[in-house]
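Commentary on secondary and tertiary structure
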Amino acid sequence: MSEEMLNDMRSRVDRIDDQLLELLSERARIGLRIGELKAGLNRPLRDPDREKETLNRLAARNAGPFDEAAVRRLFREIVKATLELQQPEKKKALLVSRKSKADDTVIRLGDTAIGGGQPVLVAGPCSVESREQVRRTAAALAEAGVPVIRGGAFKPRTSPYDFQGLGFEGLKLLKEAADEFGLLAISEIVDPRHLEQACDYVDIIQIGARNMHNFELLKAAGELRKPVLLKRGLAATMDEFLHAAEYIVSRGNGEVMLIERGIRTYEKWTRNTLDISAVPLLKRESHLPVLVDVSHSTGRKDIMAPCAKAALAAGADGIMVEVHPNPPEALSDADQQLDFDEFREFVREVKASGLYRQGAPAAT
Ligand SMILES: O=C(O)C(=O)C[C@]1(C(=O)O)C=C[C@@H](O)C=C1
C-alpha cells in the first residue's frame, strides 16, 4: 500500500463526489418543481407514502456494501433536504394562504360556483324537522333562485334537553327535498365517524362553530373529497380560523369555504357580533371563499338584510340565512328564522342592492 495509491483512490472518490453533487443538485431542482406542482394542486408538500415507496425501492435495489439501514439513512436525509428546500418560502405560508396560492379557490358544484366572483345564497331551516317542512322550504328556495339548502340534522345544542336533530333520517329528508327541487344540500356533521356516510346525502359538509377546534373532525374532513364549509369558532381569532382550515386542506381536501358567523362579545342587542372586518381580512389572507351567516351572527330578522348587503359589499362570496315555513313552531332558533314572506323580501332587498349578481329570478 503506497501513499500514491491512497491519493489515487481519493481522487476517484472526489470525482464520484463531484458526480454525486451534480446528480443531487439535479434531483433537488426536480424536487423543487414537484413542490410547486403539489402546492398548485393544494396537496401537502410532505408525502410520507412517496417517501416510503422511494426508500423501499432503493433498499430492494441495494447490492452493498452499505447495509439497508445505511441506504435508508442516506436517502432519508436526501428526501428531508428536498422537503426543506420545498418549504423554506412556504414554511411560514399556510396552504390556505394567498402566499401559497394567489388565485381564488372556486368550488364548483353543478351550475353553482362558490368563490367565483358571483355571491351565492345558502338558506334553509336551522333543523330538518319533517319531510313537509324541508320540502316546502326547498320549494321556496327554488322559486327564489337560491341554489343551496341548509338543514341541521345533528344539532350541537347548549342544553342536552334541546332538540338534537333527526340524525341520518334528517339528512335523508334534506337530500330528498334538495333532489326534488334541484338544490345543493349542506348539513353539519359533528362526529368524524359520520362523515363518510353523510357524503351520500349532502353536497357540502358543514363543520360548525363549536367544532372549529375539533381537530380530529377537521383531519377527517381533510380526507374527504367533498367540499367543506367551516364556521368560525365563537371566539376564534383569524389566525386560529385559518389554521383550522389548514387542518383540512393539509390533508388533501382543498375545497374549503370559510364562514363568518359572528363572534361572542359583550354586546347583548345581537346574538353574536357580526365581524364584518373578517370578510376583507380573510379575502386578503386566504384564497378560500368567504361567506357570512347573518342569522347566527345577528339573531335578529330586522337587521339581516342590511348586514347581508354589508357583507357582500365587503367582498363576501355568499350569504347564509335561516328560513322556516313557520318559525314560531321551529324546534330550534325560532326567533331568528325568516318565514317565506320575510325570505322573499330579504332576497328582493339583497338583489335590489346590486351586490347579489347571481342569476336568481327576481324574488316575488
Ligand atoms: O415526490 C414528491 O412528492 C416529492 O416531493 C419528492 C420527495 C423526495 O425527495 O423524494 C420529497 C418530499 C416528499 O415528502 C416526498 C418525496
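Residues numbered from 1 in each chain as written. Predicted model: local features only at pLDDT ≥ 70, side-chain atom pairs only at ≥ 80, totals over all residues. Heavy atoms only, no water.

Going by an unreviewed UniProt entry, the chain carries the name 3-deoxy-7-phosphoheptulonate synthase and comes from Paenibacillus flagellatus.

**Thoughts on the domain arrangement of the chain**
By the assigned domains, the chain splits into domain 1 (2–91) and domain 2 (107–352). Domain 1 and domain 2 are separated by 47 Å when their C-alpha centres are compared. (Domains from an automatic or database assignment.)

**Regarding the environment of Glu-322**
Positionally, Glu-322 belongs in strand 10 (residues 318–322). Other than its neighbours up to four places away in sequence, Glu-322 contacts Gly-124, Cys-126, Arg-150, Ser-295, His-296, Asp-333, Gln-336, Gln-337 and Leu-338. A distance of 3.3 Å separates a polar atom in the side chain of Glu-322 from a polar atom in the side chain of His-296. (Helix = DSSP H or I, 4+ residues; strand = E, 2+ residues; numbered from the N terminus. Contact = heavy atoms within 4.5 Å. Polar contact = N/O pair within 3.5 Å; in protein donor to acceptor, adjacent residues only side chain to side chain.)

**Overview of the packing of aromatic side chains**
All told, the structure shown has three aromatic pairs when counted by the stated rule. The interplanar angle of 80 degrees and the centroid separation of 5.2 Å between the aromatic rings of Phe-154 and Phe-168 together place this pair among those described as edge-to-face. Placement of Phe-154 in the loop between strand 4 (148–150) and helix 5 (168–180) and of Phe-168 in helix 5 is noted, with a sequence separation of 14 residues between them. In this structure Phe-154 comes out as buried when scored by relative accessible area, which is 12%. Clustering of aromatic rings is evident, with ring pairs tying together Phe-154, Phe-168 and Tyr-201. (Phe/Tyr/Trp six-rings, centres within 6.5 Å; stacked < 30°, edge-to-face > 60°. Buried < 20%, exposed > 50% of the residue type's maximum accessible area, 1.4 Å probe, protein only.)

**Side note on the site of the ligand**
In the neighbourhood of the ligand, the contacting residues comprise Arg-27, Ile-34, Lys-38, Leu-45, Arg-46, Asp-47, Arg-50, Glu-51, Val-79, Thr-82, Leu-83 and Gln-86. Taking Lys-38, its side chain carries an N or O atom lying 2.7 Å from an oxygen atom of the ligand. With respect to the ligand, the backbone of Asp-47 contributes an N or O atom lying 2.8 Å from an oxygen atom. Residue contributions to the shell around the ligand peak at four residues, all from helix 3 (residues 68–86). Of the residues belonging to the shell around the ligand, the class tally is four nonpolar, two polar and six charged. (Near = heavy atom within 4 Å. Nonpolar A, V, L, I, M, F, W, Y, C, P; charged D, E, K, R; others polar.)

**Let's talk about a nonpolar patch on the surface**
Where nonpolar side chains cluster on the molecular surface, the patch consists of Ile-16, Leu-20 and Leu-24 and spans about 250 Å² of accessible area. Along the chain, Leu-24 falls in helix 1 (residues 3–40). What makes Leu-24 partly exposed here is its relative accessible area of 37%. (Patch = residues over 30% accessible without salt bridge, like charges linked within 9 Å, V, L, I, M, F, W, Y side chains within 5 Å. Areas by Shrake-Rupley, 256 points an atom, 1.4 Å probe, with all protein chains shown as cover. Salt bridge = Lys/Arg side-chain N within 4 Å of Asp/Glu carboxyl O.)

**Thoughts on the nonpolar core**
Leu-230, Leu-258, Phe-343 and Phe-346 are the most contacted members of the largest nonpolar core, which totals 73 residues. It is helix 8 (residues 238–249) that contributes the most residues to this core, seven residues altogether. Sequence-distant contacts of Phe-346, defined by excluding residues within four places in its chain, comprise Leu-121, Val-294, Met-304, Ala-305, Ala-308, Ile-319, Val-321 and Leu-338. Leu-109, Ile-114, Ile-259 and Met-320 belong to the second largest nonpolar core, which has 14 residues in total. (Core = buried A, V, L, I, M, F, W, Y, C linked by side-chain atoms within 4.5 Å.)

**Re the packing of helix 7 (residues 215–222) against helix 8**
Taken N-terminus to C-terminus, the directions of helix 7 and helix 8 make an angle of 45 degrees; their axes are 6 Å apart at the nearest point. As summarised for this structure, helix 7 and helix 8 are arranged oblique, according to the angle between their axes. Where helix 7 approaches helix 8, its residues Phe-215, Leu-218, Lys-219, Ala-221 and Gly-222 are matched on the opposing element by Ala-244, Tyr-247 and Ile-248. (Axes fitted to C-alpha atoms, helices over the stretch in contact; angles between N-to-C directions. Parallel < 35°, antiparallel > 145°, perpendicular 65-115°, else oblique.)

**Some remarks on the environment of Ala-140**
Within the secondary structure layout, Ala-140 lies in helix 4 (residues 131–144). Sequence-wise, Ala-140 and Gln-336 are 196 residues apart; in three dimensions their C-alpha atoms are separated by 18 Å. Once residues within four sequence positions are removed from consideration, Ala-140 is found in contact with Phe-340 and Phe-343.

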